[in-house]
Amino acid sequence: MKKIPILLPALCTVFAAVQAYAAPLYVEKVDLPVQSTMSEINSNLHAAGYKIVLKLNILKLVRAQQKTLKIPDFDAVHFTDVRALVFCNPYDFSKLLNTYWPSAAACPLNLTVFGRGQSSYIVYGERIAYAGNSAANKKVTTSVDQGVIKALQQIPMSRVLHKIPDWVAPAT
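Owing to the predicted nature of the structure, the values given are computational and were not obtained by experimental measurement.

## Let's talk about unusual backbone geometry
Cis peptide bonds are those with omega within 30 degrees of zero, and the linkage from Cys107 to Pro108 qualifies with 20°. Along the chain, the position of Pro108 falls in the loop between α5 (90-99) and β4 (109-116). One non-glycine residue, Lys70, lies in the positive phi region at around 55°. By the secondary structure assignment, Lys70 is in the loop between α4 (66-69) and β3 (81-88). Judged by its relative accessible area of 69%, Lys70 is exposed. In this structure, Asp75 is a non-glycine residue whose phi angle is positive, near 50°. Counting through the fold element by element, Asp75 comes out in the loop between α4 and β3.

This is how it looks when you write it as structure tokens:
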């Protein structure tokens, strides 16, 4: 049981990295700190029919294991908070399952919220990459992505980023 706290952040990081490479990224900036942004995300996803499955404070979990994991230059760009959210819409899951069952791996969905001061950055890996060659499944995964993005765009003081900020780690 003691290995779970160490493995969980690593697994979440690997899962997020795989998601990032598997699909295009939707990035939104919110002019609110992470705690307020998370509250807005939870409310908007719930209103759109999504169920929250898991909430993780990734920065806190990894920072607590930093010495054990021996991560060099951990968080060199100085985020104040990094949270992950795993969620699912049971109807979308059913549609994915019934259209092309392997694509149901796209659900549960996940997003990560990165905080710097009074700003938050929401990153969602779009699920169109799970569509395969099925036109019907592309329609479903596109619908899934549109639903999530629509819920995120309802957050006050948010806007889509078309360019990711270039943050450079400070010289050591």
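Picking up where we left off.
## Examining the sheet that holds β3
If you trace the six strands from one edge of the open sheet to the other, you get β2-β3-β4-β5-β1-β6, paired in antiparallel fashion. Looking along the sheet, the strands with just one partner apiece sit at the ends: β2 (51-57) and β6 (158-160). Adjacent strand axes in the sheet meet at a mean angle of 20°, parallel and antiparallel pairs treated alike. Where strand β1 (residues 25-30) and β6 come together, three bridges link them in antiparallel fashion. Directly across from Lys29, in β6, lies its bridge partner Arg159. Sitting on the sheet, helix α6 (residues 135-153) is in contact with β1, β3, β4, β5 (119-125) and β6, with an inclination near 170° to β5.

## Let's talk about the packing of aromatic side chains
Using the criterion set out here, one finds two aromatic pairs in the structure. Seen from their ring centres, Tyr50 and Phe87 are 5.6 Å apart, and the 85° between their planes marks the pair as edge-to-face. Highlighted residues: Tyr50 in the loop between α2 (34-47) and β2 and Phe87 in strand β3, separated in sequence by 37 residues. Both residues of the pair, Tyr50 and Phe87, count as buried. A ring pair is formed by Phe79 and Phe114, whose centres lie 5.3 Å apart and whose planes are at 50°; its orientation type is tilted. Of the two residues, Phe79 is situated in the loop between α4 and β3 and Phe114 in strand β4; the sequence distance between them amounts to 35 residues. What makes Phe79 buried here is its relative accessible area of 15%. Sitting over the face of the ring of Phe79, Arg116 holds its NZ or CZ atom 5.8 Å from the ring centroid.

Thresholds, definitions, all that
- Residues numbered from 1 in each chain as written.
- Predicted model: local features only at pLDDT ≥ 70, side-chain atom pairs only at ≥ 80, totals over all residues.
- Heavy atoms only, no water.
- Helix = DSSP H or I, 4+ residues; strand = E, 2+ residues; numbered from the N terminus.
- Buried < 20%, exposed > 50% of the residue type's maximum accessible area, 1.4 Å probe, protein only.
- Pairing = 2+ DSSP bridges.
- Axes fitted to C-alpha atoms, helices over the stretch in contact; angles between N-to-C directions.
- Contact = heavy atoms within 4.5 Å.
- Phe/Tyr/Trp six-rings, centres within 6.5 Å; stacked < 30°, edge-to-face > 60°.
- Lys NZ or Arg CZ within 6 Å of the ring centre and 35° of its normal.

Distances and angles like these do not, on their own, reveal function.
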